Structure formats: C-alpha cells, structure tokens
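# Survey of secondary and tertiary structure
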Amino acid sequence: MPGRRPTSKQRPTPDTAGDVVRWAVFSCVLVPVVLLWYGTSLAGATGTALGLAAVTGVCRILLRRSERCAARPTPQGGGRHTKGGTPVD
C-alpha cells in the first residue's frame, strides 16, 4: 500500500532536552531586550540575562544527567536496595 510506512525503520528519538535548552537560550536573549524596550536600566537587564543564563545552564546539566540515568539499564531486582531485615510491602 502506498500510504504505509515500513515498520523496520525506527523513527529517531526527539531531543526534548535540546529543545528545552534552545527555548531557554532564546528567552535569555528575548527577556533583556523586552526589559530594555520598556525602560529598565541596562544594569537591570544585564543582571536578568546573567541570572537566566545561570538557571538555563543548571537546567541543561540536570536534564542531560537525567537522560543519562534514564538510558542506563535497571538492576534485575529493581532499583531499590533494602537492608536484610527490612520488610518490604
């Protein structure tokens, strides 16, 4: 059938963390420009840009770390380790 796609090909996984970071970088540029447009001082807009850049950097690190942890195989007995005498529900 012409409308069917072959099932042997896998779709590439979207880079959702990359998309989030790209939008955050865009905001780091856009917000100070808007602040300057509405009359905020250059120092205030610069401080805002630096704060947003710091938050974006930390979020990027945390997102990448989360992706790496999610890609790791889980242990056979589950992810939770309990002491020998601790009852598990």
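First, a word on what this report is: a plain description of the structure on this page.

### Considerations on the overall build of the chain
Scanning the chain from N- to C-terminus turns up two helices and zero strands. Per element, the accessible surface of the chain, about 8,100 Å² overall, is 62% carbon and sulfur.

### Brief notes about the packing of aromatic side chains
A complete count under the given rule lists one aromatic pair for this structure. When the centroid spacing of 5.7 Å and the interplanar angle of 90° are considered together, the rings of Trp-23 and Phe-26 count as edge-to-face. Separated by three residues within a single helix, Trp-23 and Phe-26 lie in helix 1 (residues 16–37), roughly one turn from each other. Residue classification places Trp-23 among the exposed residues on the basis of a relative accessible area of 60%. Using a relative accessible area of 45% as the deciding quantity, one classes Phe-26 as partly exposed.

### Considering the pattern of salt bridges
Any two side chains of opposite charge can pair, on the condition that their charged atoms come close. Counted under the stated rule, the structure contains two salt bridges. Across the salt bridge formed by Arg-22 and Asp-19, the nearest N and O atoms sit 2.6 Å from each other. Linking Arg-22 with Asp-19, this pair stays in helix 1, spanning three residues, or about one helical turn. A salt bridge links Glu-67 to Arg-64; its shortest N-O distance comes to 3.3 Å. A residue pair is termed a helical-turn pair when its members lie 3 or 4 positions apart in one helix, as Glu-67 and Arg-64 do in helix 2 (residues 42–71) at three residues. On the basis of relative accessibility, which here comes to 33%, the residue Glu-67 falls in the partly exposed class. Taking relative accessible area as the criterion, Arg-64 reaches 26% and is therefore assigned partly exposed.

### Details of the side chain of Thr-56
Secondary-structure assignment places Thr-56 in helix 2. By relative accessible area, Thr-56 is classed as buried at 13%. If sequence neighbours within four positions are ignored, Thr-56 has contacts with Ala-24, Val-25 and Cys-28.

### Focus: the state of the cysteines
Applying the stated criterion across every chain yields a total of zero disulfides. We note that Cys-28 lacks a disulfide partner, and the nearest cysteine sulfur, in Cys-59, lies 9.8 Å from it. Judged by relative accessible area, Cys-28 falls into the buried class, the value being 13%.

About the criteria used
Residues numbered from 1 in each chain as written. Predicted model: local features only at pLDDT ≥ 70, side-chain atom pairs only at ≥ 80, totals over all residues. Heavy atoms only, no water. Helix = DSSP H or I, 4+ residues; strand = E, 2+ residues; numbered from the N terminus. Areas by Shrake-Rupley, 256 points an atom, 1.4 Å probe, with all protein chains shown as cover. Phe/Tyr/Trp six-rings, centres within 6.5 Å; stacked < 30°, edge-to-face > 60°. Buried < 20%, exposed > 50% of the residue type's maximum accessible area, 1.4 Å probe, protein only. Salt bridge = Lys/Arg side-chain N within 4 Å of Asp/Glu carboxyl O. Contact = heavy atoms within 4.5 Å. Disulfide = S-S within 2.5 Å.

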